[in-house]
Number of protein chains: 2
Amino acid sequence: MDIFFMLNALDEAKKAFDDDETPVGAVVVKDGVIIGRGRNERSSKHLPLAHAEINAISEAAKAIDNWRLDGCALYVTLEPCIMCAGAIMETRVARVVYGARDPKAGAAGSLYDVLNDRRMPHRCNVTGGVLDVECSALLKKFFLAKRVSARSR
Amino acid sequence: MDIFFMLNALDEAKKAFDDDETPVGAVVVKDGVIIGRGRNERSSKHLPLAHAEINAISEAAKAIDNWRLDGCALYVTLEPCIMCAGAIMETRVARVVYGARDPKAGAAGSLYDVLNDRRMPHRCNVTGGVLDVECSALLKKFFLAKRVSARSR
């Protein structure tokens, strides 16, 4: 099932790509059902904090009318940043499954390990590397296109 | 001027108190002018991520139509959590001034020191403890009232 839900997150990332946004997508799943979807919309909506995870979490919280996402899993194509890892902890997400690692800014084991910090009142189960090749390939395609476009100016 | 702007943040915290929210308030300042205000609205708006800093940053980004808050200062009555520290870094806030320390969850020097992490592409100048007695007193008053209310049930 992890692959199925990650493919859904990847669909969201592809929509971000089509909107000329850094292609990151996410879904929130409760009892086997997707209750929140989100993609990176930082540039298109002029919302600096509109990362895929934040959007998916917000939609999920609205769907169940509860800010506590107990028992929910978040699937995201890129390892969450510090802000999103903080949001995951704030909303008590039980499990995070991510695709590509983010060695420079990831907060689920790379730069920080917020989701597994024993000093905090909540911890979640983390699985990384699900469909990482596909998730990374989309990001690489985006940044390559950006570089080519910058050179041709 | 730090005290003046912190008093404005404290005004926002008092509004949160009146709404039965954990009383935290924030303002974003650019060139001596407040361009964003925010208070904790997590419970009242059913928005799990609506911390004072997130609300103030969002309003400021909208006001200047730019997600980069270069040259801006954020005044907040409580040391930012991990999520808010991440949001501060995402939006390139130049300076953070906070009131009360949060030894258990603060990410501006207490639990984490995100705002001063040399591995990250941005760092901000941090000043803590401005009007900390007043900021702490409001939080203590709120939690004391909660405890009394819980006991009397």
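Our subject in this report is the structure included herewith. These numbers were taken from a predicted model, which means no experiment stands behind them.

Structural notes on the sheet that holds strand E3 (residues 73-78) of chain B
Residues and elements named next belong to chain B.
- Taken in spatial order, the 5 strands make up an open sheet running E2-E1-E3-E4-E5, and their pairing is mixed. With one partner strand each, in any of the chains shown, strand E2 (33-39) and strand E5 (125-127) form the two edges of the open sheet. Along the sheet, successive strands turn relative to each other by an average axial angle of 15°, direction set aside.
- Along the sheet, helix H2 (residues 52-63) makes contact with strand E1 (25-30), E2 and E3, crossing E2 at roughly 140°.

So, helix H4 (residues 132-151) of chain A
All names here are of chain A.
- Compared with an ideal rise of 1.5 Å per residue, which puts 20 residues at 28 Å, H4 spans 28 Å between its outermost C-alpha atoms and is within 8% of the ideal.
- Buried within H4 we find Cys-135, Leu-138, Leu-139 and Phe-142. Down the axis, H4 shows its buried residues gathered within 90° of arc, on one side only. Turned more than 90 degrees away from the buried face of H4, the exposed residues are Val-133, Lys-140, Lys-141 and Arg-151.
- Among the structural elements, helix H1 (2-18), strand E3 (73-78) and strand E4 (95-100) are those in contact with the buried residues of H4.

Overview of the side chain of Glu-90 of chain B
- Tracing the backbone through its elements, the reader meets Glu-90 of chain B in helix H3 (residues 82-90).
- We classify Glu-90 of chain B as buried; its relative accessible area is 16%.
- The residues touching Glu-90 of chain B, leaving out its near neighbours within four places in the chain, are Arg-42, His-51, Cys-81 and Met-83 of chain A together with Trp-67 of chain B.

Here's the deal with the pairing of E3 of chain A
All names here are of chain A.
- By the criterion of burial, E3 is predominantly enclosed, with 6 of the 6 residues buried.
- By the bridge criterion, 4 bridges tie strand E1 (residues 25-30) to E3 in an arrangement that is antiparallel. Bridging from a neighbouring strand, Val-28 pairs with Leu-74 of E3.
- Of the strand pairs in this sheet, E3 and E4 are connected by 5 bridges, and their pairing is parallel. Across the sheet, residue Val-76 finds its bridge partner in E4, namely Tyr-98.
- Crossover connection from E3 via helix H3 (residues 82-90) to parallel E4: handedness right-handed.

Description of the sheet that holds strand E2 (residues 33-39) of chain A
All names here are of chain A.
- On the basis of which strands lie adjacent, the open sheet formed by 5 strands has the order E2-E1-E3-E4-E5 and mixed pairing. Looking along the sheet, the strands with just one partner apiece sit at the ends: E2 and strand E5 (125-127). Geometrically, the sheet is characterised by an average inter-axis angle of 15° between neighbouring strands, direction not taken into account.
- Against the sheet, helix H2 (residues 52-64) makes contact with E1, E2 and E3, and its axis sits at roughly 140° relative to E2, the strand it touches most.
- Along the sheet, H4 contacts E3 and E4; its crossing angle with E4, the most-contacted strand, is approximately 60°.

Parameters at a glance
- Residues numbered from 1 in each chain as written.
- Chains lettered and ligands numbered in written order.
- Predicted model: local features only at pLDDT ≥ 70, side-chain atom pairs only at ≥ 80, totals over all residues.
- Heavy atoms only, no water.
- Pairing = 2+ DSSP bridges.
- Helix = DSSP H or I, 4+ residues; strand = E, 2+ residues; numbered from the N terminus.
- Axes fitted to C-alpha atoms, helices over the stretch in contact; angles between N-to-C directions.
- Contact = heavy atoms within 4.5 Å.
- Expected span 1.5 Å × (residues − 1).
- Buried < 20%, exposed > 50% of the residue type's maximum accessible area, 1.4 Å probe, protein only.
- Arc of directions from axis to C-beta.
- Right-handed = clockwise from strand over helix to strand, strands pointing away.

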